[in-house]
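As a plain string of letters, each chain reads:
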Amino acid sequence: MPSFEEELQLIFIHSINALKESMWDTMKSLELELTPVSFMALKIIHQQKMCTAHTISTTTGKDKGQVTRIVKDLLAQQLIEKQAHPMDKRSQILTLTEQGKSIFIQLQKADLAALNAMKTGLSDEQITNFMSIGRTMVNNIQQHNVNRKN
């Protein structure tokens, strides 16, 4: 049976790097001082009704310190704002400002274009199979990491 470990690793690395490069290029062309992780934070804030820094941390897998720096940067650029959480006075709800929404929409369009480029030449069935396999692989590696820690 063939061993695909190295090729799988390279495919994942190249895919992630290509998506990041696309996002960097878009942000540079828009003269934005953001990172791909900042875009992910904007996306999470846009999608989550009661988004907190903890939400961003758990969704992205970034530690609290990294998320704190991202949130501070987005606040400084006036792309997000924070309000007291109505049920938890220790946390704050993050929302996009009007400027943040406008920038998010531009970045989202570029992100979708990159993702659509990745799907070029693939059938819906192939993409569905890839996503199913990908979810299984992610679950497998997450379980492996849990088992290693125990």
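All values reported here derive from a predicted model rather than from experimental measurement.

Caption draft 1: Geometry of the side chain of Thr97. Along the chain, Thr97 falls in the loop between β2 (92-96) and α5 (98-118). A distance of 2.7 Å separates the side chain of Thr97 from the backbone oxygen of Gln78, its partner in a polar contact. Those residues in contact with Thr97, other than ones at most four positions away along the chain, are Gln78, Leu79, Ile80 and Glu81.

Caption draft 2: Up close: a nonpolar patch on the surface. Together, Phe4, Leu8, Ile11, Phe12 and Ile16 make up an exposed nonpolar region whose accessible area comes to about 430 Å². Inspection of the secondary structure assignment puts Phe12 in helix α1 (residues 5-29).

Caption draft 3: Representation of the packing of aromatic side chains. According to the stated counting rule, one finds one aromatic pair in the structure shown. Seen in terms of ring centroids, Phe39 and Phe104 are 6.0 Å apart; in terms of plane orientation they differ by 20°. Their pairing is stacked. Highlighted residues: Phe39 in helix α2 (residues 36-47) and Phe104 in helix α5, separated in sequence by 65 residues.

Caption draft 4: Representation of helix α4 (residues 64-76) within the structure. Taking 1.5 Å of rise per residue, the 13 residues of α4 would be expected to cover 18 Å, and the 18 Å separating its terminal C-alpha atoms lies within 8% of that figure. Sitting at the head of α4, Asp63 places a side-chain oxygen 3.0 Å from the backbone nitrogen of Gly65. With its phi angle positive at about 60°, Gln78 sits one or two positions after the end of α4.

The rules behind the values
Residues numbered from 1 in each chain as written. Predicted model: local features only at pLDDT ≥ 70, side-chain atom pairs only at ≥ 80, totals over all residues. Heavy atoms only, no water. Helix = DSSP H or I, 4+ residues; strand = E, 2+ residues; numbered from the N terminus. Polar contact = N/O pair within 3.5 Å; in protein donor to acceptor, adjacent residues only side chain to side chain. Contact = heavy atoms within 4.5 Å. Patch = residues over 30% accessible without salt bridge, like charges linked within 9 Å, V, L, I, M, F, W, Y side chains within 5 Å. Areas by Shrake-Rupley, 256 points an atom, 1.4 Å probe, with all protein chains shown as cover. Salt bridge = Lys/Arg side-chain N within 4 Å of Asp/Glu carboxyl O. Phe/Tyr/Trp six-rings, centres within 6.5 Å; stacked < 30°, edge-to-face > 60°. Expected span 1.5 Å × (residues − 1).

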